[in-house]
Amino acid sequence: MALRKPLCLPSLLLLLLLLLLLLPQADTRSFVVDWNQDRFLLDGVPFRYVSGSLHYFRVPRVLWADRLFKMRMSGLNAVQFYVPWNYHEPEPGVYNFNGSRDLIAFLNEASIANLLVILRPGPYICAEWEMGGLPAWLLRKPNVRLRTSDPDFLAAVDSWFKVLLPKIYPWLYHNGGNIISIQVENEYGSYRACDISYMRHLAGLFRALLGEEILLFTTDGPEGLKCGSLEGLYTTVDFGPADNMTKIFALQREYEPHGPLVNSEYYTGWLDYWGQNHSTRSITDVTRGLENMLKLGASVNMYMFHGGTNFGYWNGADEKGHFLPITTSYDYDAPISEAGDVTPKLFALRNVISQFQEIPLGPLPPPSPKMMLGPLTLYLDGYMLDFLHLLCPQGPIHSILPMTFEAVRQDRGFMLYRTYLMYPVFEPTQFWVPNNGVHDRAYVMVDGVFQGVLERNMKHKLFLTGKMGATVDVLLENMGRLSFGSNYSDFKGLLEPPILGQTILTHWLMFPLEVDKLVKWWFPPQLLKNSRPQIPSGPIFYSTTFSILDSGGDTFLFLPGWTKGQVWINGFNLGRYWTKRGPQQTLYVPRPLLFPTGSLNKITLLELENVPPQPEIQFLDSPILNSTLHKTYIYSLSADTQSDSEPMELSGH
């Protein structure tokens, strides 16, 4: 056998050079803490992120690329976002990552925009989102202890993360993706449990499924660091422009003596509650705070950089002495508006960022085209009670005492409770629910005639009359489960049986209502000619059709004179309106929801209380977010009269 010729020296050198070039490639991608120099290193080079929050679940998928591009052009090098568990696992073991829930598609859009990712997968996220992102089906076990080492809760968390985390594993930075760090839980120090075993379990689960290389961190406000931080997870803080930066970063140093300073939530604006004034934060305050942090070399994430919208029933709520549901708009006074337009606040922040790092060349896009239309007259489709056979095709559930939404597996929206008077009630008699047992808002009818509203923490009684055998209907609206802090299990519906006079009302029929299906698939049904009052009131459907001219544009639905309800456009649940209470007076309508010229668009309203004399709507070319028509609604638990508004203490997310 012939001997092989040995490789000549030049060939050996060439081969060695190729190996040197190829072998390190697997190791060059890294994002780590430089403990000696108090900074991050990206691929071994000093790095500081200037990031902004955007929630893919508050923005239609077709608009993701636009919003991310504007963030990158603002000078940001990273985007931070949550993953809401309840958005992806609507029922135990049933997962949805399609359409606007396609998390991987959003990661890819961020990569195209050249943005790194700071991921916050929970399991609890707050985000002013329904139940802080936890699925309502967890409450089907009434004694479950959320956000603790309760075995029932941990089993559900483990099952969810064994689906979610392998999906994102290829997107970790050291694996070639764009995720540089991942938060464990969210502001856990603000939760009453302070269950260190729970946090340790989560940290172990993340490590087991994601490996040791990814940077894991926690985020807390200054009071939450004690219970929210955990050895082995990098401790970061959150605070806004009005807070004492020096003091709060000094607190971070108590938990992380070395490593970079990080503000994971620097508040560019604030959320809105129904009945409160629209929140704003001045450009001067926000830019000054950012500049001061960047001068210190800190990494910063601005919450929010683009807020978006709580479409459908997805808004959360707070409990601060009374129940405070959050508005449909999540504009947040952010640098990019709810409609995706750049604002003066964005240009001011971009100018600050440009003093510390390079800004991409090129102009920012102009505002999107806006459209005006109307007024349009809406027409009566019928009273909600006329459509029970369509709203609850499976028929009612029978029970001696009323059952909660959770007990009948109705996660969101509405449920109708029905009983019958066993004796005549001739004189106006008090109707009430003990122990603040209306969660969250009840619309009461007798023989189909609207009697008024009971409201959690606020309005506690009505006075009813009725003949023997009269039908008593109580429509319950879930206004959003608690999403922040000590968010105990927030069950919805009638938590106690109502009382009429001295009689506890029993023998209830419960109709879990599929309102979205009715609007999307079954309208227009034959209008039923039942006898009804001349002035429409109570839960009632109105609708109309309209076409748009030319290519149209984004627009804002204005509902002057309407009271409160839900609105759909072309079957899409746009969200809640509450014109009477404010501050939000318009609903954002993204252009992609509307059919082009030549096609008819359909708008449907479910008005829950009172219809205006002229049942009209308009589409405006700018939003109205700051008009609280009446004084702030704050009630005491012991009275049915309004009290003067009180200043709200701001808290984290």
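To be clear, the structure that these remarks concern was listed above.
Because the structure is predicted, anything quoted here is derived from the model rather than measured. (Residues numbered from 1 in each chain as written. Predicted model: local features only at pLDDT ≥ 70, side-chain atom pairs only at ≥ 80, totals over all residues. Heavy atoms only, no water.)

Here the structure, examined in full by the defined rule, presents one disulfide. For Cys194, the disulfide goes to Cys227, at an S-S distance of 1.9 Å. Measuring the twist about the S-S bond at about -85°, one finds the Cys194-Cys227 disulfide to be left-handed. You can see Cys194 sitting in the loop between β7 (179-183) and α7 (196-210) and its partner Cys227 sitting in helix α8 (residues 225-228), a full 33 residues away along the chain. The class for Cys194 is partly exposed, based on a relative accessible area of 29%. Classification of Cys227 by relative accessible area gives buried; the value is 16%. (Disulfide = S-S within 2.5 Å. Helix = DSSP H or I, 4+ residues; strand = E, 2+ residues; numbered from the N terminus. Buried < 20%, exposed > 50% of the residue type's maximum accessible area, 1.4 Å probe, protein only.)

Moving on, we come to the sheet that holds strand β15 (residues 379-383). Read from one edge to the other, the open sheet built from five strands follows the order β15-β28-β33-β30-β31, with strand pairing classed as antiparallel. Two strands lie at the open edges of the sheet, namely β15 and β31 (572-577), each paired on one side alone. Ignoring which end each strand starts from, the neighbouring axes of this sheet average 20° apart. Alignment of strand β28 (residues 540-546) against strand β33 (residues 601-607), held across seven bridges, turns out to be antiparallel. Looking at β33, one finds that Ile540 is bridged to Glu607. (Pairing = 2+ DSSP bridges. Axes fitted to C-alpha atoms, helices over the stretch in contact; angles between N-to-C directions.)

Before going further, it helps to spend a moment on the sheet that holds strand β18 (residues 425-432). Pairing in this open sheet of four strands is antiparallel, and the strands run β22-β18-β25-β26 from one edge to the other. Single-partner strands in this sheet number two, and they are β22 (461-466) and β26 (503-504). Alignment of strand β25 (residues 499-500) against β26, held across two bridges, turns out to be antiparallel. Residue pairing across strands places Ile499 opposite Ile504, the latter belonging to β26.

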